[in-house]
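Residue-level listing of the chains:
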Protein chains: 2
Amino acid sequence: MTKEDIGNWFRNLQDNICLELEKADGAGRFHQDIWERAEGGGGRSRVIQGGAVIEKGGVNFSAVFGKAPEFLLQHHKVTDAYFFATGVSIVIHPKNPMVPIIHMNVRYFEMSNGVKWFGGGIDLTPHYILPEDAIHFHTTLKTICDTFDSSYYPEFKKWADDYFFIKHRNETRGVGGIFFDKLSETKSISLQDRFDFVLAIGNSFAPVYTYLMKKNSDLPFGEKELQWQDLRRSRYVEFNLVYDAGTKFGLETNGRIESILMSLPPRTGWVYGIENTMGEKERATQNLLKKGIDWANYVGNPSAS
Amino acid sequence: MTKEDIGNWFRNLQDNICLELEKADGAGRFHQDIWERAEGGGGRSRVIQGGAVIEKGGVNFSAVFGKAPEFLLQHHKVTDAYFFATGVSIVIHPKNPMVPIIHMNVRYFEMSNGVKWFGGGIDLTPHYILPEDAIHFHTTLKTICDTFDSSYYPEFKKWADDYFFIKHRNETRGVGGIFFDKLSETKSISLQDRFDFVLAIGNSFAPVYTYLMKKNSDLPFGEKELQWQDLRRSRYVEFNLVYDAGTKFGLETNGRIESILMSLPPRTGWVYGIENTMGEKERATQNLLKKGIDWANYVGNPSAS
């Protein structure tokens, strides 16, 4: 398994996910922008806008390499090194507020000093939390995790709760999912095992999300639900611009802005005091934006911390 | 001049500005929320929404005091101290894209170790840059500055160019204005002089902005201008959430979220590739989002750096 193999797998993953999303949407088509990085490598940004189900979505692939920038050298305490990084990043903003926003990232990093690891995460941000969707989502992730290592799901689920958290609102971004970083080879887990796990997560994206697209995209909604969607999307913007490590990293290292910020929603807004107009459905969602809900075993009485 | 005097002046400034804005708007009325800070002090948040000219605006006053929090003690290298901070913060988002967004902040800070200073800034963010408005705005500020000290305008204008800058876009937020911080007493400038200057800037807000409201709020606009307004507003969000020191400070110190984020626009959106649909008017604005334009002496041929 060379780094080229890993990059190719991720590129294929992008292709497959785009195909499946187009099929499920029925109308929208991805537009591709190919870009090159002056110092080495590049990527394929794919954006879909104005689809039947997807209002805006991005599925980005990149594989970049070259001399390690200063902050990497410092971090690894070396004076000279080469790095290679590849991954797929996805954010989908659906039109219908009853369909959740979804995000996934899978990535591989290696450096000429011998460091090699995988990272990633997938999380669901419903505008309206439908418990059955959160249960389905987490059960799917738990089943995959458990195939590899029984410690994965509890550990990575907690990691997601802590990571996808809007501190200044004291609320989670959504119903979470899993998050993991710097998974390298250990005595009992080979790098190939790590890769197999990351690929299994990557391959779960299309089935899990197209299921939710089909299930919810015909649910009725009106002006009030669109207003609430604006609010929930504005929280998404707050998370991404204030806390998201990938966004920060991209902005600080002069990455391709259009690709980094493709995660931001196509329409949103901050209306003062709109929280006070919340109805029962909105309040129910707000009350579930908490860490520590055991969604895989949820029975309507959350053990939230 | 006690700190209570300064607080009272700022409170009056809030009252006057709200009155003048309501008068110029003709329809909108400010809604007030009074809040208290557990550790000492509080504020009056005033928000206007859905006016005839102003779509959303906030004019906030606060005066807080108490034991200095840890980061202040560390910064000032003391183990124990009391602080007092008061100020007025304003952001106005107009409905008509031909009326510019405006921001002003004036503030006073003192600590029991003897530190006393004023800070502040005012800057204009046109959706469409009309050079005559930028000239009027900067000439007004320069005239006030020059009354106090001939070094003020060039120094504070450059400070604003550097501060109100969206690094990841390599563009300024708008046409700038002035920015200044930690203006304390010097041999030749008393603290009263500093305060007089800050008040003069504060008092210029209502005339300078109501002038622009009246001048531009009847200019025609359509769907295309609203789309461009969305884009310009989304840049405003990027600046405030990624770079703005006041916002960062508020979010990190557990401030009143609704008051801190009242600066964010009521409607916005990130549409991928919309920059590519720019027409001549939009391109002209984009080309003027640069540091170093000498707006007070602008003759249509900017000396931009």
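Right, let's walk through the structure included here. Because the structure is predicted, anything quoted here is derived from the model rather than measured. (Residues numbered from 1 in each chain as written. Chains lettered and ligands numbered in written order. Predicted model: local features only at pLDDT ≥ 70, side-chain atom pairs only at ≥ 80, totals over all residues. Heavy atoms only, no water.)

1. Some points on the relation of the copies chain B and chain A
The operation relating chain B to chain A is a screw motion whose rotation component is 180 degrees, with 0.0 Å of axial translation and a residual RMSD of 0.0 Å. Taken together, the rotation and translation relating the two chain copies correspond to the operation of a two-fold axis. Judged by C-alpha distance, Thr268 of chain B is the residue of chain B that lies nearest the rotation axis, at 2.6 Å. (Least-squares fit on C-alpha atoms with pLDDT ≥ 70 in both.)

2. Looking at the packing of helix 1 (residues 3-25) of chain A against helix 5 (residues 191-216) of chain A
Residues and elements named next belong to chain A. Packing of helix 1 against helix 5 leaves a shortest axis separation of 9 Å and a crossing angle of 10 degrees. Comparing their axes, helix 5 and helix 1 come out roughly parallel. Here Ile6, Trp9, Phe10, Leu13, Ile17, Glu20, Leu21, Ala24 and Asp25 of helix 1 come into contact with helix 5, specifically with Phe195, Val198, Leu199, Gly202, Asn203, Phe205, Ala206, Tyr209, Thr210, Met213 and Lys214. Tallied by class, residues from the contact of helix 1 with helix 5 come to 14 nonpolar, 3 polar and 3 charged. (Axes fitted to C-alpha atoms, helices over the stretch in contact; angles between N-to-C directions. Helix = DSSP H or I, 4+ residues; strand = E, 2+ residues; numbered from the N terminus. Parallel < 35°, antiparallel > 145°, perpendicular 65-115°, else oblique. Contact = heavy atoms within 4.5 Å. Nonpolar A, V, L, I, M, F, W, Y, C, P; charged D, E, K, R; others polar.)

3. Remarks on helix 7 (residues 245-252) of chain B
Along helix 7 of chain B, the residues that are buried comprise Thr247, Gly250 and Leu251 of chain B. Taken end-on, helix 7 of chain B shows its buried residues confined to a sector of 95 degrees, consistent with a single buried face. Of the surrounding elements, those touching the buried residues of helix 7 of chain B are helix 6 (223-242) of chain A together with helix 6 (223-242) and helix 8 (257-260) of chain B. The backbone nitrogen of Gly246 of chain B has a side-chain oxygen 3.3 Å away, supplied by the residue at the start of helix 7 of chain B, namely Asp244 of chain B. (Buried < 20%, exposed > 50% of the residue type's maximum accessible area, 1.4 Å probe, protein only. Arc of directions from axis to C-beta. Polar contact = N/O pair within 3.5 Å; in protein donor to acceptor, adjacent residues only side chain to side chain.)

4. A closer look at the sheet that holds strand 4 (residues 82-94) of chain B
Residues and elements named next belong to chain B. Reading across the sheet, the 7 strands line up as 1-2-3-4-5-6-9 and stay open at both edges, with antiparallel pairing between neighbours. In this open sheet, the two strands that pair with only one neighbour each are strand 1 (31-36) and strand 9 (176-183). With direction set aside, neighbouring strand axes in the sheet form an average angle of 5 degrees. Bridge count between strand 2 (residues 41-49) and strand 3 (residues 54-67): 9 bridges; the pairing is antiparallel. Paired with Gly43 across the two strands is Ser62, which belongs to strand 3. On top of the sheet, helix 6 reaches strand 3, strand 4, strand 5 (101-111) and strand 6 (116-125); it is set at about 170 degrees to strand 4, its chief contact. (Pairing = 2+ DSSP bridges.)

5. A word on the pattern of salt bridges
When charged atoms on two side chains of opposite charge get close, those side chains can pair. Residue and element names in this part refer to chain A. Summed over the entire model, instances satisfying the criterion amount to 46 salt bridges over all chains. Residue Asp181 pairs with Arg107 through a salt bridge whose shortest N-O separation is 3.1 Å. A residue pair is termed long-range when its members are at least 10 positions apart, and Asp181 in strand 9 (residues 176-183) and Arg107 in strand 5 (residues 101-111) qualify at 74 residues. Taking the relative accessible area as the measure of exposure, Asp181 reaches 22% and is therefore partly exposed. (Salt bridge = Lys/Arg side-chain N within 4 Å of Asp/Glu carboxyl O.)

6. Comments concerning the packing of aromatic side chains
Residue and element names in this part refer to chain A. Applying the stated criterion across every chain yields a total of 46 aromatic pairs over all chains. Centroid distance Phe148 to Phe197: 5.5 Å. Interplanar angle 70 degrees. Geometry classified as edge-to-face. In this pair, Phe148 is assigned in helix 3 (residues 131-148) and Phe197 in helix 5, connecting sequence segments 49 residues apart. In this structure Phe148 comes out as partly exposed when scored by relative accessible area, which is 33%. (Phe/Tyr/Trp six-rings, centres within 6.5 Å; stacked < 30°, edge-to-face > 60°.)

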